[in-house]
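Structural description and commentary
Now for the letters of each chain:
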There are 2 protein chains.
Amino acid sequence: MRKGCKYGTHRVIEPQGVLPQPALKISNDMEIYDNEILIDVIALNIDSASFTQIEEEQGGDVEKIKKRILEIVGERGKMQNPVTGSGGMLIGIVEKIGESLIGKTDLNVGDKIATLVSLSLTPLRIDEIIDIKPEIDRVEIKGKAILFESGIYAKLPKDMDETLALAALDVAGAPAQTAKLVKPGQSVLILGAGGKSGMLCCYEAMKRVGPTGKVIGLVRSQKDKERLEYLGVCHEIIIADAQKPVEVLNKTLEANNGKEIDIAINCVNVANTEMSTILPVKDDGIVYFFSMATSFTKAALGAEGVGKDVTMIIGNGYTKGHAEITLQELRENEKLRKVFEELYAN
Amino acid sequence: MRKGCKYGTHRVIEPQGVLPQPALKISNDMEIYDNEILIDVIALNIDSASFTQIEEEQGGDVEKIKKRILEIVGERGKMQNPVTGSGGMLIGIVEKIGESLIGKTDLNVGDKIATLVSLSLTPLRIDEIIDIKPEIDRVEIKGKAILFESGIYAKLPKDMDETLALAALDVAGAPAQTAKLVKPGQSVLILGAGGKSGMLCCYEAMKRVGPTGKVIGLVRSQKDKERLEYLGVCHEIIIADAQKPVEVLNKTLEANNGKEIDIAINCVNVANTEMSTILPVKDDGIVYFFSMATSFTKAALGAEGVGKDVTMIIGNGYTKGHAEITLQELRENEKLRKVFEELYAN
Ligand SMILES: NC(=O)c1ccc[n+]([C@@H]2O[C@H](COP(=O)([O-])OP(=O)(O)OC[C@H]3O[C@@H](n4cnc5c(N)ncnc54)[C@H](OP(=O)(O)O)[C@@H]3O)[C@@H](O)[C@H]2O)c1
Ligand SMILES: NC(=O)c1ccc[n+]([C@@H]2O[C@H](COP(=O)([O-])OP(=O)(O)OC[C@H]3O[C@@H](n4cnc5c(N)ncnc54)[C@H](OP(=O)(O)O)[C@@H]3O)[C@@H](O)[C@H]2O)c1
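This text gives an overview of the structure that appears in the document. (Residues numbered from 1 in each chain as written. Chains lettered and ligands numbered in written order. Predicted model: local features only at pLDDT ≥ 70, side-chain atom pairs only at ≥ 80, totals over all residues. Heavy atoms only, no water.)

Looking only at helices and strands, one finds 11 helices and 14 strands in chain A. Here the C-alpha radius of gyration of chain A, 20 Å, is about what a compact globule of 346 residues would show, namely 20 Å. Referenced to the eigenvectors of the C-alpha coordinate spread, the extents of chain A come out at roughly 65 × 40 × 40 Å. Split into buried and exposed, the 346 residues of chain A put 63% on the buried side. Of the contacts made within chain A by residues no fewer than 6 positions apart, 71% connect residues no fewer than 24 positions apart. Within the structure as shown, chain A displays about 12900 Å² of accessible surface, and the carbon and sulfur contribution to it stands at 49%. Of the side-chain charges in chain A, 42 are positive and 50 negative, and the distance between the mean point of each set is 2 Å. (Helix = DSSP H or I, 4+ residues; strand = E, 2+ residues; numbered from the N terminus. Rg over C-alpha atoms; globule rule 2.2 N^0.38 Å. Buried < 20%, exposed > 50% of the residue type's maximum accessible area, 1.4 Å probe, protein only. Contact = heavy atoms within 4.5 Å. Areas by Shrake-Rupley, 256 points an atom, 1.4 Å probe, with all protein chains shown as cover. Lys, Arg positive; Asp, Glu negative; His and termini not counted. Charge placed at Lys NZ, Arg CZ, Asp CG, Glu CD.)

Below, the discussion takes up the interface of chain A and chain B. Between chain A and chain B, the contact holds 52 residues from the first and 48 residues from the second. Between chain A and chain B, a total of about 4200 Å² is buried, with carbon and sulfur atoms accounting for 63% of that surface. Along the contact surface separating chain A from chain B lie seven salt bridges. Mapped onto the side of chain A that touches chain B, the elements with two or more residues apiece are α7 (245–255), β13 (281–289), α9 (296–305) and β14 (311–314) of chain A. Taken together, the residues of the side of chain A that touches chain B break down into 24 nonpolar, 20 polar and eight charged. (Buried area = accessible area lost by both parts, 1.4 Å probe. Salt bridge = Lys/Arg side-chain N within 4 Å of Asp/Glu carboxyl O. Nonpolar A, V, L, I, M, F, W, Y, C, P; charged D, E, K, R; others polar.)

Residues and elements named next belong to chain B. Within the span of helix α11 (residues 334–344), buried status applies to L336, R337, V339 and F340. Around the axis of α11, the buried residues are gathered within 165 degrees of arc, so they sit on the same side. Structural note: α11 exposes E334 and E342 on the side pointing more than 90 degrees away from its buried face. Of the residues that open α11, the one with a side-chain oxygen 3.0 Å from the backbone nitrogen of K335 is N333. (Arc of directions from axis to C-beta. Polar contact = N/O pair within 3.5 Å; in protein donor to acceptor, adjacent residues only side chain to side chain.)

Here is the structure:
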């Protein structure tokens with residue numbers, strides 16, 4: 001077997017010397033290297049920002065969306081949206097394990113797994129798109145993918161439906177980071193609180209702030225407000241447009257007794273929400289951008305422009321134990337699981 | 001006195017509900033609100049992209065450039081280039097301080113300051129353009145400007161040349177953040193160590209790690225390596241291309257006795273250096289991106305793709321005391337000051 005690099009650099013075609021994620025094109029030849037795992041793919045869960053972009057670009061036409069996805073994977077060897085740069089994740093069955101990984105991995109041939117590394121760096125070959133479920137950004141396919149030695153994954157839990165687990169695992173970084181960042185007594189604003197990562201973050205923040213803290217969820221529709229009320233995962237819920245910083249600032253201050261908040265967590269899936277996330281936070285506070293629509297320069301220059309001494313964190317999709325933390329939330333909270341089943345599982 | 005909003009939204013004329021920076025027109029009425037500072041302006045330092053655009057548009061004719069600048073400020077109430085969207089900064093003397101700021105600000109009437117917020121959001125009235133110095137994008141004027149309560153500034157030091165101070169203040173966020181992040185005994189990698197912000201960060205990191213830590217500077221030329229050796233601000237200097245993550249990883253490990261580092265600070269000015277900054281850092285370490293060429297998605301997905309549990313920070317141009325920390329470095333270190341005078345002052 002051919003010897004591969006831990007990070008998959010051996011698959012990069014163009015440009016040379018870079019890692020698979022920034023590469024324009026990688027090899028999706030399905031003969032594995034000694035430290036790779038071959039996966040028989042069942043479904044792709046496309047990143048929300050990416051799916052929305054493709055959907056809008058193709059006018060919502062499912063056949064055109066299929067064609068565009070095949071085109072992207074054909075060109076790049078991976079499902080990386082050329083506009084958003086983002087990917088998503090996949091589930092499949094372990095088909096073959098590279099010989100140098102035997103004894104090093106806890107995987108066995110036949111295990112059903114979700115890959116927790118982005119599709120934006122995962123070698124992928126699509127033989128056929130079987131179905132697209134736009135409501136849950138899911139693409140069912142016949143095809144193969146490769147997991148690198150450094151690639152993270154989760155064996156799919158037996159106590160929940162696969163689409164449910166996959167939906168939650170897709171945004172596992174957000175609640176796990178929330179668990180690390182939020183401390184007892186703090187006030188936390190979650191923008192996009194009615195979305196998938198938003199609800200998980202609210203639930204986790206609620207646990208972390210304890211009885212003396214405050215979780216403020218920002219949504220833009222009455223429907224989302226009612227769902228959050230049903231879930232009981234926020235102390236206050238405000239309806240506002242995350243693209244309007246002054247409105248967000250004023251409503252947040254109102255919900256927090258006139259005080260600036262300790263932490264803002266951005267789980268929105270549209271652009272131009274940097275200032276709404278930064279403005280309500282107090283000096284020395286934390287701004288956590290999970291949204292992939294975040295612009296680095298808008299955040300950096302925006303904070304400077306309003307003289308905010310805040311620590312701004314780029315949402316790392318991975319943090320230790322993120323899969324377990326996220327699945328555990330659904331096990332702990334009956335209502336959350338029910339809402340997730342209704343919205344994201346089939 | 002009229003009560004103003006901390007961020008200057010009370011001056012926005014059009015469109016309503018936005019912040020001063022994205023506004024098309026703000027009020028440059030020079031009667032101050034209770035939390036504003038009136039500045040008697042000496043000179044505008046127009047952002048280089050903006051100045052170049054106006055210069056080209058007006059065929060390099062100084063009289064026409066003057067007319068265009070007066071026109072823009074007349075229309076918008078601020079010197080924001082309608083094509084580039086950018087501003088610049090100004091130098092002036094504090095003329096009046098709003099009553100609610102008295103006791104809250106360290107400024108006094110008569111202080112000479114540089115505003116460190118963009119001209120793209122600063123209310124400005126030009127009475128007369130005295131001179132234009134196209135070689136340094138500088139416009140000397142008679143006029144007034146307003147500094148909002150949230151607006152950051154630096155008192156211009158009496159013990160150094162103005163161009164030297166401004167050059168250092170331009171990147172003041174980086175060394176000040178280094179001072180906050182780096183702890184004794186840590187190993188720190190600085191990418192772009194030979195640049196303006198890079199040298200300041202190395203010097204600051206060297207102070208912070210103390211005798212048990214290690215500062216590794218990454219440069220790409222022998223000339224920069226020699227300059228850093230002369231300055232004595234690194235324990236180890238490696239020559240590598242910051243766009244080649246695998247090369248950077250290997251050379252950093254070699255310079256750090258085979259161990260991953262605690263903190264990486266990116267001061268490079270080119271794109272595609274995210275992974276070189278992430279890869280050498282150990283789990284639970286910190287990645288600080290000062291470079292404006294950083295891509296949010298490349299960093300977020302990149303860290304996930306290699307399974308790195310690191311905290312990634314967006315370089316905020318502002319942090320408390322950043323101007324003082326930075327100017328102090330030049331005062332403390334004779335060699336650093338000399339190099340800065342040679343490279344960046346006139
Ligand atoms: N950093 C990472 O590693 C990582 C990993 C996975 C995903 N992500 C990113 O995280 C973000 C959220 O993902 P998700 O799956 O949670 O998405 P989601 O379920 O679609 O949630 C997004 C939420 O934002 C709301 N929203 C959109 N525009 C808004 C506005 N102007 N004002 C207020 N709310 C607004 C949406 O409301 P409506 O329903 O009313 O539109 C929705 O509730 C995406 O950008 C995704 O790319 C990041
Ligand atoms: N976050 C903020 O608020 C803020 C504020 C101000 C500036 N900035 C940003 O900070 C960055 C640095 O600013 P600066 O004034 O310090 O710039 P600078 O003096 O031009 O320094 C950049 C350094 O990066 C080096 N470099 C470029 N490409 C490289 C590569 N491939 N490998 C290794 N080194 C490489 C350059 O080396 P050569 O000389 O050999 O090209 C130079 O030494 C810029 O991106 C700037 O936009 C950010």
